[in-house]
Amino acid sequence: MTSGRELCTFEVAGCLFGLDVRRVQEVLRTHTMTRVPLAPRAIRGLINLRGQIVLAIDLHYCLGLRQTLGDSCVMSVVLRSDDGPISLLVDVIRDVAEVNDVALALPDTLDENARSLIRGAYPRGERLLLELDVDRVLDRIHQ
Amino acid sequence: MDEIVKEFLVESVENLAQLERDLLALERAPDSAHDVASIFRIVHSIKGSAAFLGYQHLGEVAHAGESVLGRLREGRLTATPKVVASLLAVCDALREMLATIESSGTDNARDFSELVMSLRALRGETTVLASTGATAPEKPVPSAQLAQTVPPDRIARSDRVGDETETRLPSPSRAQLGATAYDPAMDVTVEGIPSAYLAAAETMPPPGTSMPERRATEVRQAAARTPISPSPAAVETVLNEQAGGSGDTSIAGESAGASRRDSALQGLADSTIRVDVSLLDRLMTQVGELVLARNRINQCTASSGDSNLLAATRHLDGITTELQEGMMKTRMQPIRNAWAALPRMVHDLCRICGKSVRLIMEGETTALDKTLLEAIKDPIVHAVRNAVDHGIEPATERSARGKPAEGTLRLRAFHEGGQVHIEISDDGAGIDPERVKRKAIDRGLINPERAAVLSEADVLALVFQPGFTTAEALTLVSGRGVGMDVIKTAVDAIGGRVDLRSVVGRGTTLAMTIPLTLTIVKALVVSAGDERFAIPQANLVEVIRLAGDSPESGIETLHSVKVHRYRGVLLPLVDLRQVLELDGDPSPSADGAANLVVLRAEDARFGLIVDRVYDSQEVVVRPLARSLKGLALFSGATILGDGCVALILDILGLARHARVVTANRNELLDDRERIAPSAPASAGRSLVLCGNGPHARLAIPLDAVVRLERIERNDVDDVGGRWIVSYRGGLLPLIDVARALGDESTSLTAVDAPLQVVVCTSDGRCAGLVVGSINDVIENGPPPGHELGRAGVVETLVVGNETVELLDVAHLLSRGDTVPVVTTEG
């Protein structure tokens, strides 16, 4: 599929991912997070976003990647959703990248969990930028 | 939907509510012209609007009702219960049709022709009256005056249909009648008169001067009346209030009434305004945010020395508090709204059950949050239904008992202690604790031994168990054993309490206590692990600091459940860290200190072990995200003063999760009875270890133990050499174990400290064994030891390094010293 869109990109466990920038409300550094005991594994906790209580999602877990080490200074990509803002916890925030080339097919070796969330892959220099499907990510969270 | 239709629906619903009230009042006072006039006006207004909007069926039914009312108004018909019942049926029919209009846009409800026929039949009866010339005291305007209003030449046509006259009146022009404002009733032209209306006219009364005059009168009345909003009912209310309750609405006072109505309308229009509930909700949320921001600012500036900043902060603080209170008030509605349907319901119930009940409502203006109001509507209906069906006796029975034949059901609402109290009291038969106990035992909710030692309050609390009913048979109304449970669940869900008080033969009172609002609550902040949590004040009983995990500090283990002796009761403990599966050291800190928060959930109490207790704060409750809503332990989240998010614990959910609250309270006692019913010679029995003085060591089998108590000496009475204490609504004899065994008594004589009492039961007898000290409770007691042959002692055991005497509880209790406290049901 062709596109002339902009993706907000970030890194999780060394892999490069991107999201449709129009769905992203903001990116920020998450300082304090309150854990929610007994919550589903994907939910890391709650953060205070200018007075709003926002869910913080462990993207590592959702994508089947190895666990982040420690909680210190994790970055958040805050998405807009019908239930209010939701924050995805990532390692590093990268630039906004423009993609207008054709998406590559996904390799079969990719983890099943991750595969269902990824729309396509785009080469970026030596790396591969994997575009996440925002709606599917949100659905996964609400399960 | 059209704006006009919407308006019509809203107003008509209000009008019908008023109509119902008036009809019920009319039944009690059949001669009240005022009520008839009010009812007539309402039905007439609905009929007119229905005609204008093209709702034919609605108009038909309304007209049929109006005709009956016309008879009533003239005194040609008396408001007998039968007549009122028919009119109430009209009210119901109209309501049903309005609902159909709202959902489908048309009034094609079911066929109401039967109703219309029965109404006509009612009117038909009046022809007999009319011909005998009987008239009621209140006669409308003398015919001479009436004749002037409509010149005879305006009568277009007169047809004879059988014995009756049908006349069509052309619509008087507006100018002629002087109507300045729009009135839908005015727009009825000959062509526009619904055929049903005309058809119904065939049953108009005998020919004479009455018919056209009356029609003209109606039209004149309509003219004098001003347009759609505010509703006539509202105007009437205002008028009544102004006139001191007996508003003069007869035709004679028409012109004066018109001007009064006008000024009343003006006042009414200015004082209220309709607002969308969703807008109020949004405002409420914003105010909630403001409160949070205010809290943060307070915290930030607390340490500042800048006096200007502090002054400004204080100012902001005050404004925010006032705004918050004002906002809460906008969502407050008088409880009258929840009680609105009750008079009619009681009226109908009385007819079904064949009883006579007077409903008194006090404190109608007591206000509470709209959401809470919605939540208690159902519980109140259940309570009222129960009271009428079960509580209040039939008239004959009441008279036989010397009570007035008419029962009284009193609803009372008032504010107190920051909460709303609602009491539903009846002067009926009351609740018989013995019957309750029997039923509870029958249904397996409780076993006879425990029933024996329940206090009266506990017995009444049994009534709230699901499935409980003492009704011998299902009646149409209740008896399924659902009502009380529903009440309790609903009230618990909004953070309230329910209590039942009763005196046999005199009556019963159901008392509900509910918080004023949901969104902003006072909470105690505690920590467990590294996280902080908020506990709603409503669930908080007490905070206790314990010295450590040892018998003196009060944390003991009973059947692998941690307990604490709290005011004479074994309080089950829950370790918050454990329940939430938090990391960190599971046991209390090294110095042995632990913080215990005593909480209340439903009627049960338990203690929550936490790491630290912080202060109390007012917190804004934020709903949890959708994906978290399934967590029963949390009821919401909030942002604390320092900006951190804290979860709010759902105490009931927590209690259920930790299994300290179950269908049967005091599950510990249940377990005991199940595990070792009477095991004299089996190893591993549970024992309560006591001491008597420095040397004697005693053991009491746990199965015989009901409670461990600490009793003040002052409470103990010496009755003829026996020690008795008032205990849980009954008398408990105390046995000095040492003396009973023939040893020197150490406990009852000397010191001033409270008595250590092990309340035991055996063979239906109950007594308190007084010992020097209660030391421990062990699970796996040693195997049987030696029999000593000492009266009162079964055998000696070796526990640890000590020799312990196992007491023969049955023997001790069966001695003459004890008095049977409760007899078991045979």
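Note that the structure is predicted; figures quoted are calculated from it, not measured.

### Overview of the pairing of strand 11 (residues 531-536) of chain B
All names here are of chain B.
Part 1: Within strand 11, five of the six residues are buried, leaving the element largely enclosed by the surrounding structure.
Part 2: Pairing of strand 10 (residues 520-528) with strand 11, which is carried by six bridges, proceeds in the antiparallel orientation. Note that in strand 11 the partner of S527 across the bridge is R532.
Part 3: Bridging between strand 11 and strand 20 (residues 645-649) involves two bridges; their strand directions are parallel. What sits directly across from A534, in strand 20, is I648.

### Observations regarding the confidence of the model for chain B
Residue and element names in this part refer to chain B.
Part 1: Scored by pLDDT, chain B comes out at a mean of 72, with 70% of its residues at no less than 70.
Part 2: Under a pLDDT of 50 for its full length, residues 126-269 has, in the predicted model, 163 contacts with residues more than four places off or in other chains.
Part 3: Every residue in residues 818-826 scores below 50 in pLDDT, and together they form 19 contacts with partners more than four places removed in sequence or on other chains.

### Notes on the interface of chain A and chain B
Part 1: Taken residue by residue, the interface counts 18 residues in chain A and 23 residues in chain B.
Part 2: Together, the buried faces of chain A and chain B total about 1,700 Å²; carbon and sulfur atoms form 68% of this surface.
Part 3: Broken down residue by residue, the surface that chain A buries against chain B is led by P37(A), L38(A) and I53(A), which jointly contribute 35%.
Part 4: If you look at where chain A meets chain B, you find zero salt bridges.
Part 5: Counting every contact that joins chain A to chain B gives two residue pairs in polar contact (both at pLDDT 80 or more).
Part 6: Top element by residues in the side of chain A that touches chain B is strand 4 (residues 43-49) of chain A. It accounts for four residues.
Part 7: Here the residues of the side of chain A that touches chain B are counted per class, giving eleven nonpolar, five polar and two charged.

### Quick look at the side chain of E393(B)
Residues and elements named next belong to chain B.
Part 1: Looking at the element boundaries, E393 is found in the loop between helix 16 (370-391) and helix 17 (395-400).
Part 2: Of note is the side chain of E393, whose polar atom sits 3.0 Å from the side chain of R398.
Part 3: A polar side-chain atom of E393 sits 3.2 Å from a polar atom in the side chain of R401.

### Here we look at the packing of helix 1 (residues 3-28) of chain B against helix 4 (residues 81-104) of chain B
Residue and element names in this part refer to chain B.
Part 1: Between helix 1 and helix 4, the shortest axis-to-axis distance is 10 Å and the interhelical angle comes to 165 degrees. In terms of orientation, helix 1 lies roughly antiparallel with respect to helix 4. Every pair of crossing elements has a handedness; the one defined by helix 1 and helix 4 is left-handed. Along its contact with helix 1, which presents V5, F8, L9, S12, V13, L16, A17, L19, E20, L23, L24 and E27, the element helix 4 presents P81, V84, L87, L88, C91, D92, L94, R95, L98, I101 and E102.
Part 2: Looking at the contact of helix 1 with helix 4 residue by residue, the classes come out as 17 nonpolar, one polar and five charged.

### A word on unusual backbone geometry
Residues and elements named next belong to chain A.
Part 1: A positive phi angle, close to 65 degrees, is found at L38, a residue other than glycine.
Part 2: Structurally, L38 is set in the loop between strand 3 (24-30) and strand 4.
Part 3: By relative accessible area, L38 is classed as partly exposed at 30%.

### What to know about a negative patch on the surface
Residues and elements named next belong to chain B.
Part 1: On the surface, a cluster of negative charge is contributed by E712, D715, D717 and D718.
Part 2: Relative to the assigned elements, E712 resides in the loop between strand 23 (705-711) and strand 24 (716-719).
Part 3: We classify E712 as partly exposed; its relative accessible area is 41%.

### Observations concerning the sheet that holds strand 9 (residues 118-124) of chain A
Residue and element names in this part refer to chain A.
Part 1: Read across the sheet, five strands follow the order 8-1-2-10-9 without closing on themselves; strand pairing throughout is mixed. One side of each edge strand has no neighbouring strand; the edge strands of this open sheet are strand 8 (92-99) and strand 9. Put simply, the sheet's adjacent strands are angled 30 degrees from each other on average, direction ignored.
Part 2: Relative to strand 10 (residues 127-132), strand 2 (residues 15-20) runs parallel, the two sharing three bridges. Looking at the pairing, G18 lines up with E131 of strand 10.

### A short note on the sheet that holds strand 6 (residues 407-416) of chain B
Residue and element names in this part refer to chain B.
Part 1: Judged by pairing direction, the sheet is mixed, and its five strands sit side by side in the order 4-6-7-9-8 without closing on themselves. In the strand order of this sheet, the two ends are held by strand 4 (357-362) and strand 8 (497-503), each with one partner. Averaged over all pairs of adjacent strands, the angle between their axes in this sheet comes to 15 degrees, without regard to strand direction.
Part 2: Bridge analysis of strand 8 against strand 9 (residues 507-515) gives seven bridges, and the strand direction is antiparallel. Paired with S502 across the strands is T508, a residue of strand 9.
Part 3: Those strands touched by helix 16 are strand 4, strand 6, strand 7 (419-426) and strand 9, and its axis lies near 15 degrees from that of strand 7.

Thresholds applied
- Residues numbered from 1 in each chain as written.
- Chains lettered and ligands numbered in written order.
- Predicted model: local features only at pLDDT ≥ 70, side-chain atom pairs only at ≥ 80, totals over all residues.
- Heavy atoms only, no water.
- Buried < 20%, exposed > 50% of the residue type's maximum accessible area, 1.4 Å probe, protein only.
- Helix = DSSP H or I, 4+ residues; strand = E, 2+ residues; numbered from the N terminus.
- Pairing = 2+ DSSP bridges.
- pLDDT = per-residue confidence, 0-100.
- Contact = heavy atoms within 4.5 Å.
- Buried area = accessible area lost by both parts, 1.4 Å probe.
- Salt bridge = Lys/Arg side-chain N within 4 Å of Asp/Glu carboxyl O.
- Polar contact = N/O pair within 3.5 Å; in protein donor to acceptor, adjacent residues only side chain to side chain.
- Nonpolar A, V, L, I, M, F, W, Y, C, P; charged D, E, K, R; others polar.
- Axes fitted to C-alpha atoms, helices over the stretch in contact; angles between N-to-C directions.
- Parallel < 35°, antiparallel > 145°, perpendicular 65-115°, else oblique.
- Left-handed = near helix turned anticlockwise from the far one by under 90°.
- Patch = residues over 30% accessible without salt bridge, like charges linked within 9 Å, V, L, I, M, F, W, Y side chains within 5 Å.
- Areas by Shrake-Rupley, 256 points an atom, 1.4 Å probe, with all protein chains shown as cover.
- Lys, Arg positive; Asp, Glu negative; His and termini not counted.
- Charge placed at Lys NZ, Arg CZ, Asp CG, Glu CD.

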